[in-house]
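Residues per chain, in single letters:
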Amino acid sequence: GADIRLVVEGETGLVPAPVATSLALVAVELVHNAIQHGIGASGSGSVTVTMRGTASEVSLAVKDTGRGLPDGFSVNVSANLGLAIVRTIVEDDLRGTLSFGTAAGTLVSVRVPVPERT
């Protein structure tokens, strides 16, 4: 019964296969969370996925127009299994950063270094 609009935008250029595979897993989990927890089964809203790439970094952002993060949210304490996996992939496997923000919904940002590209 939900009315959800999904927008995918941006460009990264070529990304090494292991990085691309891990980022795909992260993106799927973050979009799933945005729909399930942010907007909800009977809500309406949008989820925007943005990817950008530079010579040394790839960034991924997932923004929803849902209810935002609960008070006191901490990925270290409140994370469900999916977010715990996202955190492990981003921080341990990809040596990147993961951040959360709330402003008219939820914004999750991922930044991952990539080997020098030409």
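Conventions adopted
Residues numbered from 1 in each chain as written. Predicted model: local features only at pLDDT ≥ 70, side-chain atom pairs only at ≥ 80, totals over all residues. Heavy atoms only, no water. Helix = DSSP H or I, 4+ residues; strand = E, 2+ residues; numbered from the N terminus. Rg over C-alpha atoms; globule rule 2.2 N^0.38 Å. Buried < 20%, exposed > 50% of the residue type's maximum accessible area, 1.4 Å probe, protein only. Areas by Shrake-Rupley, 256 points an atom, 1.4 Å probe, with all protein chains shown as cover. Lys, Arg positive; Asp, Glu negative; His and termini not counted. Charge placed at Lys NZ, Arg CZ, Asp CG, Glu CD. Axes fitted to C-alpha atoms, helices over the stretch in contact; angles between N-to-C directions. Parallel < 35°, antiparallel > 145°, perpendicular 65-115°, else oblique. Left-handed = near helix turned anticlockwise from the far one by under 90°. Contact = heavy atoms within 4.5 Å. Nonpolar A, V, L, I, M, F, W, Y, C, P; charged D, E, K, R; others polar.

## Overview of the overall build of the chain
A count of helical and extended segments in the chain gives 2 helices and 5 strands. For a compact globule of 118 residues, the expected C-alpha radius of gyration is about 13 Å, and the chain comes in at 14 Å, within 12% of that figure. With respect to the three principal axes, the spread of C-alpha positions in the chain is 45 × 30 × 20 Å. Taken across its 118 residues, the chain has 35% of its residues classed as buried. Counting only carbon and sulfur atoms, one obtains 56% of the accessible surface of the chain, whose full area is about 6,800 Å². Distance from the positive charge centre (8 side chains) to the negative charge centre (11 side chains) of the chain: 3 Å.

## Quick look at the packing of helix H1 (residues 17-39) against helix H2 (residues 81-93)
In contact at an axis separation of 10 Å, H1 and H2 are set at 150° when each is read in the N-to-C sense. In terms of their interaxial angle, H1 and H2 are classed as roughly antiparallel. For the element pair H1 and H2, the recorded crossing hand is left-handed. Taken together, the residues of H2 that come into contact with H1 (itself represented by Ser 22, Leu 25, Val 26, Glu 29, Leu 30 and Asn 33) are Gly 82, Leu 83, Val 86, Ile 89 and Val 90. Classifying every residue of the contact of H1 with H2 gives 7 nonpolar, 3 polar and 1 charged.

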